[in-house]
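Residue-level structural notes
The residues making up each chain are set out below.
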Amino acid sequence: MKKILDMISAKMAAAFEAAGYDAAFGRVTVSNRPDLCEYQCNGALAAAKQYKCAPIQIAQAVAAKLDAADFSMIDAVMPGFINLKLSDSFLQSYLEAMRTQPDFGVEKEGTGKTVVVDYGGPNVAKPLHIGHLRSAIIGESIKRLFSFFGYNAIGDIHLGDWGLQMGLIISELQERQPDLCYFDESFSGPYSEEAPFTISELEEIYPAASAKKKENEAFAEKAHTATFELQSGRPGYRALWQHIMRLSLADMKKIYNDLDVHFEAWLGESDADPYIPAMVEDFKNRGIAVQSEGAWVIPVAREDDKKEVPPCILVKSDGSAIYATTDLATMVQRMQDFKPDRMFYITDKRQSLHFEQVFRAAKLGGIVPADYTLEHLGFGTMNGKDGKPFKTRDGGVMRLEMLIRDMTDFVRAKVIENKIVDDDQVEATTAKIALAALKYGDLSNQPTKDYVFDMDRFAAFEGNTGPYILYTIIRIKSILAKYGAWENLPIQPAANSYAKDLMLSITKLAPNLETALRTASPNVVCAYIYELAGCVNKFYHETRILGEEDKEKQAGYIALIGLAKNILETCIHLLGFSAPEKM
Ligand code: ARG
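Spatial ordering of the open sheet is given by S7-S8-S9, a layout of 3 strands whose pairing is antiparallel. Every other strand in the sheet has two partners, leaving strand S7 (290-292) and strand S9 (312-315) as the edge strands with one partner each. The sheet shows a mean angle of 50 degrees between the axes of neighbouring strands, direction not considered. Judged from the 3 bridges that link them, S7 and strand S8 (residues 295-298) form a sheet pairing that is antiparallel. Looking at the pairing, Val290 lines up with Val297 of S8. Against the sheet, helix H11 (residues 276-285) touches S8 and S9, its axis set at about 115 degrees to S9.

Right, here's the structure in full:
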């Protein structure tokens, strides 16, 4: 169904026309003076210039043509504004339509379209860090927004599973256990099902190897060779790689599951590998890629570039593929297997140049058409209270599990202290509140900006926080539960000004969700539900709901808060968390 502002604008346009003026002047906006009116139209001021008469005259003539049934106030005021308040019946029928239509009547722009959302991007066998947390949280929300708007949204984790880290692990393992069959080129298999290491050993091997690479050139060389041999199919290395993948993925799946982050496709850089040779050949043959200092590169600079955009490196001088190569080959795979209408990437903003190069190269090379929509959302850094990138207490890189554990411990203490639930419910309730605190704390900031991780503030039950939103939902649910069956009660005209404010806030769902999707800003959803929750709580405080004696009136109150609850629940789903039973 139409957004309410579009409906009012259409009525205003018709009134301009009926009064003899161009309908284009009838654009209505939400009032910037809520003390005076709810909506306003400034079109008469512009029209006055064209029709060479006083704006107030036009405003009055247009106001007279509006249908009085739609508005409780139509005011033409100096110098020529038209101020409006909606009538109770208009608002009531709009909300009743929202209540009864699927997904509150929000129009689905994505029906029939497919989008790949590339997010998460963890690196196998390397610990997940905070950058991966942001990608997972923001990406999951953006993917859910796409789904809500009817897109077939495919979340692809795009594992970093093919790079130098694999060669490093293999080389380190060889130094530690040279007699393993994986290093014996005469071994003809089969290899054991069991890995020769545990996940905790694996987690220790990578940092050790990475440190060794920095001070030991021969080792670095060895790791490069091992990477190359793995990619060329050396059986022992492939078998080791399988072990690494299996252990690491099991571990990752658990973390993402705890974060309520789910991927439709668990593909990685390695899955793009088969597409590389043909793509590179083709780019060379068609002159898309050119040779430069032994490497093959795709020049992507444009004349109007403000900053220098270096060529996209396709094949390094030693013949190996790099990050950009796998990203391009992955696009080939996606176009073939998923046929998406657009692709959306979510990473740290420090990767912006990489994506600019890759997007240009993909279009030059014809992997996607020149007008295809490739988008990169580069997010900012999560900082500590000192304004520097978030670290552990001893100054190390903060690992994702530790951050989640800290938040969970903090919330659990509150849950226990406030005796919120029975003992056997403590863990489940804690997990939901902690997730809401973590995700809302992140998502309520504009993604491109840096933000400060503040556990106290994020986990507070009051203020602009996830737990406050959960609390509001649970409060409404408990009233609804006490009332009884409410799902089919119709919306009634606003009973008081708090009800009207709540109703006006409810009508803003569609425009806010549209803005959130169009600008890839889950923070718009957060700001919206914070406002909506405030309206619900205000209404609740000022209105006797369960104590109301007039049953008809009471049913109207219940229908209204029921609708608000459904919207809040839908919105937190779009943010990627859900409410516990009690709080
Ligand atoms: N694995 C990469 C990293 O940790 C992120 C991958 C992002 N996605 C992509 N298609 N490049 O930085």
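The structure having been displayed, the exposition proceeds.
Below, the discussion takes up the environment of Asp273. Structurally, Asp273 can be placed in the loop between helix H10 (269-272) and H11. C-alpha separation for the pair Asp273 and Arg33, spaced 240 residues apart in sequence, amounts to 59 Å. Other than its neighbours up to four places away in sequence, Asp273 contacts Trp162 and Gln231.

Quick look at the site of the ligand now. In the neighbourhood of the ligand, the contacting residues comprise Asp118, Gly121, Asn123, His132, His158, Tyr323, Asp327, Tyr345, Thr347, Gln351 and Phe355. Between the ligand and Asp118 there is a distance of 2.9 Å, counted from a nitrogen atom to a side-chain nitrogen or oxygen. Asp327 is positioned with one of its side-chain polar atoms (N or O) 2.7 Å from a nitrogen atom of the ligand. Across the complex, the protein chains shield 87% of the 350 Å² of accessible surface that the ligand would expose by itself. Residues belonging to the shell around the ligand are distributed by class as follows: 3 nonpolar, 6 polar and 2 charged.

This brings us to the side chain of Ser171. Examined against the element boundaries, Ser171 turns out to sit in helix H6 (residues 164-176). Overall, the relative accessible area of 2% leaves Ser171 in the buried class. Filtering out sequence-adjacent residues up to four positions away, Ser171 remains in contact with Phe219, Lys222, Ala223 and Ala226.

What follows is about helix H2 (residues 43-51). Residue pairs spaced three or four apart in an α-helix point in one direction, given the helix's 3.6 residues per turn. Taken together, the buried positions of H2 are Gly43, Ala44, Ala47 and Ala48. For H2, the arc enclosing every buried residue in end-on projection is 135 degrees, short of the 170-degree limit, so these residues lie on one face. Buried-residue contacts for H2 involve helix H1 (4-18), strand S2 (39-41) and helix H3 (55-65). One or two residues past the end of H2 sits Lys52, with phi positive at roughly 50 degrees.

Cut-offs used in this document
- Residues numbered from 1 in each chain as written.
- Predicted model: local features only at pLDDT ≥ 70, side-chain atom pairs only at ≥ 80, totals over all residues.
- Heavy atoms only, no water.
- Pairing = 2+ DSSP bridges.
- Helix = DSSP H or I, 4+ residues; strand = E, 2+ residues; numbered from the N terminus.
- Axes fitted to C-alpha atoms, helices over the stretch in contact; angles between N-to-C directions.
- Contact = heavy atoms within 4.5 Å.
- Near = heavy atom within 4 Å.
- Polar contact = N/O pair within 3.5 Å; in protein donor to acceptor, adjacent residues only side chain to side chain.
- Areas by Shrake-Rupley, 256 points an atom, 1.4 Å probe, with all protein chains shown as cover.
- Nonpolar A, V, L, I, M, F, W, Y, C, P; charged D, E, K, R; others polar.
- Buried < 20%, exposed > 50% of the residue type's maximum accessible area, 1.4 Å probe, protein only.
- Arc of directions from axis to C-beta.

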